[in-house]
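Each chain is listed here by its residues.
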Amino acid sequence: MAASPDVPLRLVTLVIGTGRRAGIEEEMLVHLRGEAASDLRAAARGRPRVAVEVLEGRNVAQALGTTSWLPGEMIICASSATGPLRRVFPGDTSTKIVRAATCPVMILTRQTQGGENSRQTLTK
């Protein structure tokens, strides 16, 4: 749906830090921010009306609170590829996003054996 010309898309990723700014942690966060931004730009390359944003905070709620969500926006989370339960239940980060989000959230679970994505829509 977002591939249609009239639907803007915003690709967002979260970088979670402890809030302590020890030298090594700050270096790691700088590296994570750079990697995340680079990955988002690569995913958006060649697609008009795609914005990218790296949100940072001490926890998921704080990171999500660093941006504004427009009326009608929806957060779509891709489920982790780890563990068989991720096919049915959202992962830890997705659960935190659902709890902290101020707009509807859809979680795309891992691919099933048939190759189709099962979808689980969660809203607050």
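Residues numbered from 1 in each chain as written. Predicted model: local features only at pLDDT ≥ 70, side-chain atom pairs only at ≥ 80, totals over all residues. Heavy atoms only, no water.

**Observations regarding the overall build of the chain**
- Helices and strands together make up the secondary structure of the chain, namely 3 helices and 5 strands.
- Reading the helices (α) and strands (β) of the chain from amino to carboxyl end gives β-α-β-α-β-α-β-β.
- Out of the 124 residues belonging to the chain, those deemed buried represent 24%.
- For the chain, the proportion of contacts with a sequence separation of at least 24, taken over those separated by at least 6, is 56%. (Helix = DSSP H or I, 4+ residues; strand = E, 2+ residues; numbered from the N terminus. Buried < 20%, exposed > 50% of the residue type's maximum accessible area, 1.4 Å probe, protein only. Contact = heavy atoms within 4.5 Å.)

**Things to note about the nonpolar core**
- Leu55, Val60, Ala63, Leu64, Ile75, Cys77, Ile97, Val98, Ala101, Cys103, Val105 and Ile107 together form the largest nonpolar core, which totals 12 residues.
- Only helix H2 (60–64), strand S3 (75–78), helix H3 (92–100) and strand S4 (105–111) provide two or more residues apiece to this core.
- Examining the composition of this core, we find that 3 residues originate from one element, H2, more than from any other.
- Those residues in contact with Ile75, other than ones at most four positions away along the chain, are Leu64, Trp69, Ile97, Ala101, Cys103, Pro104, Val105 and Met106. (Core = buried A, V, L, I, M, F, W, Y, C linked by side-chain atoms within 4.5 Å.)

**Comments concerning the confidence of the model for the chain**
- On average, residues of the chain score 79 in pLDDT, and 73% of them reach the 70 mark or higher.
- The lowest-confidence element of the chain is strand S5 (residues 117–122), averaging 47 in pLDDT; the highest-confidence one is H2, averaging 94.
- For the stretch residues 112–123, pLDDT sits under 50, and the model shows 27 contacts to residues farther than four places along the chain or on other chains. (pLDDT = per-residue confidence, 0-100.)

**What about helix H1 (residues 23–44)?**
- Compared with the 32 Å implied by 1.5 Å per residue over 22 residues, the 32 Å span of H1 between its first and last C-alpha is a close match.
- Every buried residue belonging to H1 is among Glu25, Leu29, Ala36, Ala37, Leu40 and Ala44, and all of these are buried. One face of H1 carries all of its buried residues, which in axial projection span an arc of 100°. Turned more than 90 degrees from where H1 packs its buried face, Gly23, Ile24, Glu27, Met28, His31 and Asp39 sit exposed.
- Packing partners of the buried residues in H1 comprise strand S1 (9–16) and strand S2 (50–57). (Expected span 1.5 Å × (residues − 1). Arc of directions from axis to C-beta.)

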